[in-house]
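Secondary and tertiary structure notes
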Amino acid sequence: MITHLAEETVTTNSNNVISVVKDADTLLSYFPYQVERGRNTITLQFSRFFILSLRDTFEVSFSQQSSLMFVYTLKSLTGKNNKFQIFINVRDNKNSTSLVHLAIEYSGEKEWIVKRYLPDIAHSLLEGISREAKRAYEAKAQENEKEFDYSRQLNKLSFVSKLLLKSRLIKSEGISVPKGQMLDTILSSIADILSKYKTIYVSASSTSSSFRLLFINGDLKGIYVNENGKEYFSDENILSSLSGEFKVNVYVLLVPEIPGVVEDENS
Amino acid sequence: MKIHEPYILYESNNHKFIWLGLDESETEKGILTNQYLIVHGNQGILLDPGGYFVFERVFENASRFVKPENIKAILYSHQDPDVIGGLTLWLDTAPNAKIYVSYLWERFIPHLGVDLRERIIDLPDEGMDIDFGSFKIKAIPAHFMHSPGNFHYYDPIAKIYFSGDMGAAVFKDKWYLIVDNFEEHVKLMEWFHRRYIASRRAIELWAKRIEGLDIDIVAPQHGSIFMGENAKKFLNWLKNLDKVGVDFISS
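The structure reproduced in this document is the subject of the present report. Because the structure is predicted, anything quoted here is derived from the model rather than measured.

Our next topic: the sheet that holds strand β11 (residues 219–227) of chain A. Residues and elements named next belong to chain A. Pairing in this open sheet of six strands is antiparallel, and the strands run β8-β13-β9-β10-β11-β12 from one edge to the other. Two strands in the sheet have a free side with no partner beyond their single neighbour: β8 (167–177) and β12 (230–233). For this sheet, the mean angle separating the axes of adjacent strands, direction not counted, is 15 degrees. Note: strand β10 (residues 209–216) against β11, eight bridges, orientation antiparallel. Within the sheet, the bridge partner assigned to Phe211 lies in β11 and is Val225.

Secondary-structure assignment places Leu99(A) in strand β7 (residues 98–107). Residues Leu99(A) and Asn13(A), 86 residues apart in the sequence, show an inter-C-alpha distance of 9.1 Å.

Attention now moves to the interface of chain B and chain A. Contacts between the two partners involve 33 residues from chain B and, on the opposite side, 37 residues from chain A. Linking Arg135(A) and Glu60(B) is a salt bridge whose minimum nitrogen-to-oxygen distance equals 3.1 Å. For the interface between chain B and chain A, the tally reads 15 residue pairs in polar contact (both at pLDDT 80 or more). Of the residues forming the side of chain B that touches chain A, the biggest block, five residues, is contributed by helix α3 (residues 87–93) of chain B. Broken down by class, the residue content of the side of chain B that touches chain A amounts to 16 nonpolar, five polar and 12 charged. Two strands pair when backbone bridges link them, and strand β2 (residues 34–37) of chain A and strand β14 (residues 175–176) of chain B are joined in this way by two bridges, in the antiparallel orientation. Bridge assignment links Glu36(A) to a residue of β14(B), and that residue is Tyr176(B).

This brings us to helix α1 (residues 14–21) of chain A. Among the eight residues that make up α1(A), six are buried, leaving the element largely enclosed by the rest of the structure. Buried within α1(A) we find Ser14(A), Asn16(A), Val17(A), Ile18(A), Val20(A) and Val21(A).

What counts and how
- Residues numbered from 1 in each chain as written.
- Chains lettered and ligands numbered in written order.
- Predicted model: local features only at pLDDT ≥ 70, side-chain atom pairs only at ≥ 80, totals over all residues.
- Heavy atoms only, no water.
- Pairing = 2+ DSSP bridges.
- Helix = DSSP H or I, 4+ residues; strand = E, 2+ residues; numbered from the N terminus.
- Axes fitted to C-alpha atoms, helices over the stretch in contact; angles between N-to-C directions.
- Contact = heavy atoms within 4.5 Å.
- Salt bridge = Lys/Arg side-chain N within 4 Å of Asp/Glu carboxyl O.
- Polar contact = N/O pair within 3.5 Å; in protein donor to acceptor, adjacent residues only side chain to side chain.
- Nonpolar A, V, L, I, M, F, W, Y, C, P; charged D, E, K, R; others polar.
- Buried < 20%, exposed > 50% of the residue type's maximum accessible area, 1.4 Å probe, protein only.

This is the structure in structure tokens:
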């Protein structure tokens, strides 16, 4: 039998994490090396070279050992004694975070091949748990927010994609901006439409940075800046510090309400 | 069903060909879409990155291998919504990507609400080699194999042939990424190909176009991937389909 242990701190409470861990469909979606899925089965294939490969189909079962300990068992359906067991322990940690311990065991044929893939599997599963739990936490936090934080939303693909889906691109241009003049340059670029449309979304990118702005009823309500991988929210100073050549796209929202905002404010 | 983890189909020192995961929405049961990313050095090339519903997963998975600003091209096989539906989002999130599609669709795609003037490269009917510096992808004409302006793409380093809708399979109870039993798999493909390919003549023209290509893997936009012998079996099966498309239209 071979085993690999891993742990991850997730920035949300254990309830959000546990609900992800118990959702087999979501958890298994993060299982790497899967080449086949049935209702309750999964086929894994390790390595692309025939001699050094292992391919087997497993039946998946889930059990809860205690309020904080969960086990997934993958048992070979092909008459071999190949078996994976994944033990996941979740507990609350300091500062409203959770600590997730994951142990993955494999016993059966070609253990020497599977051994090199166990860290990767553990990493993918933990990353998936972290990502999905964070998503659940953010969705709940958004429901509870009295004022919608547009700057934070502009960082989320789901928000931006909803916005773009209901918008029309009305301007796409390259601009050259000296330091300290970004906002003025953007404002003059959209001056002719600022009063015409309720919601205007601006996205811009250069080789090292990008930013997204949201104007509602003529006011700048959301600022998201990504400079060399570092993220800034609602920070006009950072926006002003940007300079150089930018590609700018300007979109206008074609529906009266911003997608994803109305139902949350009403809830 | 959803699969968030990508699968690397080919990998060498500076070249990868990656399948980008899977989502099944309630309304597309059975017809699942595949999206692929080619990474060469630090540049990325997306193949049929799909519609709105799959955008987040495709973007996140692609970003694991290449910076969005380094995505240099998005290659479209044709104009269907499950292929180009997310174009608005890609134009914004991959700001340096050029869009390659048959010239037939240039006048229709802007109806998505996009301005393609400086981004689109029209593919001529006869196809072309798309140059990425140290390697080229071949845009292979496959008109009327699905759409009137239809292209497949061939990656000569990975020897992978992206076949657009050719190879589509309609799954029932289970899904699999790589075809194992070709004869069984044909049952999931046959109806789709007989109904959607316009005519036998289209097959013959396409078959001539791919003569001489060294193909190890066929990667379709729907269905499962054909590797090795199964890739050869699939191409032969397709070349030899007798009645298709208009043959089935009754007066």
